[in-house]
Amino acid sequence: MTTAEELVADKAQKVHDLVEAHPEYDDDTEVGDINDVEERINFIVPQTDDPSTPAFTVRSVVLGTIFCVLLSFINTLLTFRSNAFAIGANIAVILAYPIGLAWAALLPKGNIINPGPFTMKEHVLIFVMASCTGLPYGLDNVVVQAMPQLMGNESITFIQSWAFVFVTQFIGYGMSGLCRRFLVKPTAMWWPGSLTTIALMSSFHKVETGDAAGNRFKLSRFTVFWIAFGCMFTYAWLPEYFAPGLQAVSIMCLIAGSGKSNPAGVMTKFNAIAGSTSNGVGLLGMAFDWAYIGSTYLTSPFWASAVYLLGNIFFSWILTPIFYAQDIWGINAKISEDDVTHNPFLNSAHLFVGNPDSVSHEQGSRVRPTFFYNVSDNYNLNLTAYNDVAPVYITGFFAICYGTSFLAITASLAHVFVWYGKDIYRQTMNAFRQVRDEVDAQDKHVKMMEAYPDIPDWAYLAFLGVITIAAVAVSLWTPYNMPWWAIFFNLLLCAIFIVPFGIIQAISGFGLGLNVLTEFVIGLMIPGQTVAVMAFKSWGTNNLIQALALTQDLKLGQYLHIPPYAMVFAQFWGTFVNSIVATAVAYFMMFNSGNLLEQPEWQYYNYQIFYSAGGIWGAIGPQRFFGIGSLYEGLLWCFLIGAITPLLPWLGNKYVVKSKYWHYINFPLIYSMWGPGGYQSLYTLPFIIAYFGQVYMFRHQKEFYQKYMYVIGVAFDASSALAITFISVLGIYGYSFTTRWALNPNTDVLPNELTIWTSTAITTLPRG
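Residues numbered from 1 in each chain as written. Predicted model: local features only at pLDDT ≥ 70, side-chain atom pairs only at ≥ 80, totals over all residues. Heavy atoms only, no water.

Caption draft 1: Focus on the overall build of the protein chain. When helices and strands are tallied, the protein chain shows 29 helices and seven strands. Its C-alpha atoms give the protein chain a radius of gyration of 26 Å, within 12% of the compact-globule value 27 Å for 768 residues. Considering only C-alpha atoms, the protein chain reaches an extent of 75 × 65 × 60 Å along its principal axes. Here the contacts in the protein chain between residues at least 6 apart in sequence split such that 79% fall between residues at least 24 apart. Of the roughly 30300 Å² that the protein chain leaves accessible, carbon and sulfur atoms contribute 64%. (Helix = DSSP H or I, 4+ residues; strand = E, 2+ residues; numbered from the N terminus. Rg over C-alpha atoms; globule rule 2.2 N^0.38 Å. Contact = heavy atoms within 4.5 Å. Areas by Shrake-Rupley, 256 points an atom, 1.4 Å probe, with all protein chains shown as cover.)

Structure follows, in structure tokens:
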């Protein structure tokens, strides 16, 4: 058996020979990354393929459909929970394995129903169908517009709602297929997020990968998977059930407590701003809960994790407190949700009143976005209500988050242009000439995929055309309406950003989104039209999400040698089934669930947030927030800064010292800020885990890294999700852990009560 190290050396020699023959590739970014990528994948990705292995079978379609229906039903139902959660596709993969084996063993063999042993390729298709069972993005619009407790548009029919969900789910797929040569075939586009799925499949099925560097560790990946699964499943009950305080530990509050002058339980101003993981920016905060960490930091390259986390640390822990201290936007001291101690409040995505003479609100108090709706005018802006509280403020933390979103948008275009522009140009020209790309042809998996017929570009283009026509029809003749030209503008945005955003996700494992840009642009173009803005947001954001989802699955298929038509069918079929089931479940919950949605456990907060967001971007509009003369107009400079900063490392590589490390200074990732809302405890431990897994283990325990690291990551993800599912079901039936102790404090005394340490005791207080 060939070792992974030998495979890497062989590929390095081929790359060297290619550069010798073509000197113009000497400074090519993609070519320079190939060896690093090979080191990370050869020990887990199959190195051989048998094209006769069944993939697209009755068994895979039936099992995939069953899990797709079940997960779509459950996940949509659970979105109406106050504490919403979802069951991931890995659970379906684990459950499908014994069912597939039993199907192969018990049914008569050698026919269309049972072609023989249950194969990895069938298992992958089941995973792809099950992975389509998340909540369709367009369903937020459906619930917000149709639900009686929200906008309550009684004219909307089920067919209209399903049509909207269907077209918003599918239109991005056509765009994805046209980008295969940029995002799928190149070796450098390795999609780290797929490695845990590959590890899971390689653990459950016997595949021929590159041998690990050594033979000290004898346990199979299958065995290690179940050991890791059992350990994390057991541990997850601690932070999720018995000790929820471990989900966010405010280190600075532990150290500083309440200070010398404050009474016990009252935070210092420093801790309220910087130390608290719930009230402030969570300086050095930690989450000892795998659900808050995830396997991304075990699979993504360390440089990507480092620049992403260091960027967040700079904007959250350094810049935000400085901006607060300087009171950049004013009334910082008055923004608070603490009626007892009046602690300043940063960790919020809410709106606050700026008018000191407001009739309806106190200055600095929170105002709900729905306050600005004119219900009698299709929920557009109530100008009288707005003028009563204007200017409307957001916290400095939230403002910086918007600034980083603007930075990331232009930085992604500039970064990809300077570092990957030559590759994109070469691949585009080769596509027009209908010739093979010499660099991509070096990839062994691309060569093995030549055994399967590919789906031609014209088929994806035709599909895109048909869905676009359907999208225009939905926009014109259903209540989910927006101007017809907005559909084509959406497609233009997706066409501009799919390759830059796709490249960044494919090389790093971290994704970017278009949600802020779509809200911003359409809010400027059709200000005050709430329904149209919400619809455009769903179109624009989901187009890119779905396009990159199919792209990543096509890369997964390339790694595991699945016929492209089978991968595309699985994605399309799973999405189609999900659109029907999810819409039907949403309608049941809205109109046939009795008084269930009146219960405190079923308050559909996710949909209420989307409803409120319509007030920010639709009713009020970005012009009043960020336009010339507005309070936050200075943030518009971020678009220019984002376009310029990626040039700096490129110029350093060109004129200072030539090094591959320059392009690791990835400004789009640096600008990808997590932002306010939720616990601010997501940087410290992830950084430690990323360094331990991708640096220490890779350098000093390479055999263990190659054999088990990705397997342990997927086992932790799956077991943590399963534990949370069980705990949530217990909560649905009223079972909770009621014993109070330091890490499970009583939060019933005051709303949103949290716990901090003091020098003498553990004390409860609001917002700490």
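The structure having been displayed, the exposition proceeds.
Caption draft 2: Spatial organisation of the side chain of N430. Looking at the secondary structure, you find N430 in helix α16 (residues 396-433). Once residues lying within four places of it in the same chain are set aside, the contact partners of N430 are V435, R436 and D437.

Caption draft 3: Broad picture of helix α5 (residues 120-130). The buried fraction of α5 is high, at eleven of eleven residues. Taken as a whole, α5 has its buried residues at M120, K121, E122, H123, V124, L125, I126, F127, V128, M129 and A130. (Buried < 20%, exposed > 50% of the residue type's maximum accessible area, 1.4 Å probe, protein only.)

Caption draft 4: Summary view of the sheet that holds strand β2 (residues 366-367). Sheet architecture is open: three strands sit in the order β2-β1-β5, paired in antiparallel fashion. What marks the edges here is a single partner per strand, and that holds for β2 and β5 (392-393). (Pairing = 2+ DSSP bridges.)

Caption draft 5: Representation of the packing of α16 against helix α20 (residues 515-525) within the structure. With their axes 9 Å apart at the nearest point, α16 and α20 run at an angle of 95 degrees to one another. Between α16 and α20, the angle is such that the two are roughly perpendicular. Here α16 contributes Y402, S405, F406 and I409 to the contact with α20, which in turn contributes V516, L517 and F520. Partitioning the contact of α16 with α20 into residue classes produces six nonpolar, one polar and no charged. (Axes fitted to C-alpha atoms, helices over the stretch in contact; angles between N-to-C directions. Parallel < 35°, antiparallel > 145°, perpendicular 65-115°, else oblique. Nonpolar A, V, L, I, M, F, W, Y, C, P; charged D, E, K, R; others polar.)

Caption draft 6: Up close: the packing of aromatic side chains. Across all of its chains, the model carries 73 aromatic pairs by this definition. Note on F204 and W226: the rings are 6.2 Å apart at their centroids and 25 degrees apart in plane angle, and the pair reads as stacked. Of this pair, F204 sits in helix α9 (residues 195-204) while W226 is found in helix α10 (residues 221-242), placing the two residues 22 residues apart along the sequence. We classify F204 as buried; its relative accessible area is 5%. Ring centres 5.4 Å apart and planes at 50 degrees place the aromatic pair Y587 and F591 in the tilted group. Of the two residues, Y587 and F591 are both situated in helix α22 (residues 564-591); the distance of four residues between them amounts to about one turn of the helix. F591 sits in the partly exposed class, given a relative accessible area of 39%. Members of the aromatic cluster, each reached through a chain of ring pairs, are F56, W162, F166, F170, Y173, F463, Y565, F569, F572, W573 and F576. Across the ring face of Y559, the terminal group of K555 is positioned such that the distance to the ring centre comes to 5.2 Å. (Phe/Tyr/Trp six-rings, centres within 6.5 Å; stacked < 30°, edge-to-face > 60°. Lys NZ or Arg CZ within 6 Å of the ring centre and 35° of its normal.)

Caption draft 7: Highlighting the pattern of salt bridges. Here the structure, examined in full by the defined rule, presents 19 salt bridges. D10 serves as the salt-bridge partner of K14, at 3.5 Å between the closest nitrogen and oxygen. Placement of both K14 and D10 in helix α1 (residues 4-21) is noted, with a separation of four residues, approximately one turn of the helix. According to the relative accessible area criterion, D10 is partly exposed, its value standing at 41%. Between K537 and E519 there is a salt bridge whose closest N-O contact spans 2.8 Å. Of this pair, K537 sits in helix α21 (residues 530-560) while E519 is found in helix α20, placing the two residues 18 residues apart along the sequence. (Salt bridge = Lys/Arg side-chain N within 4 Å of Asp/Glu carboxyl O.)

Caption draft 8: Just the environment of G177, in detail. One can find G177 in helix α7 (residues 158-177). Owing to a relative accessible area of 0%, G177 belongs among the buried residues under this scheme. The spatial distance from the C-alpha of G177 to the C-alpha of L461 is 8.2 Å, given a sequence separation of 284 residues. Leave out the neighbours within four places in its chain, and G177 touches D457 and Y460.

By themselves, these observations are geometric and do not establish any function.
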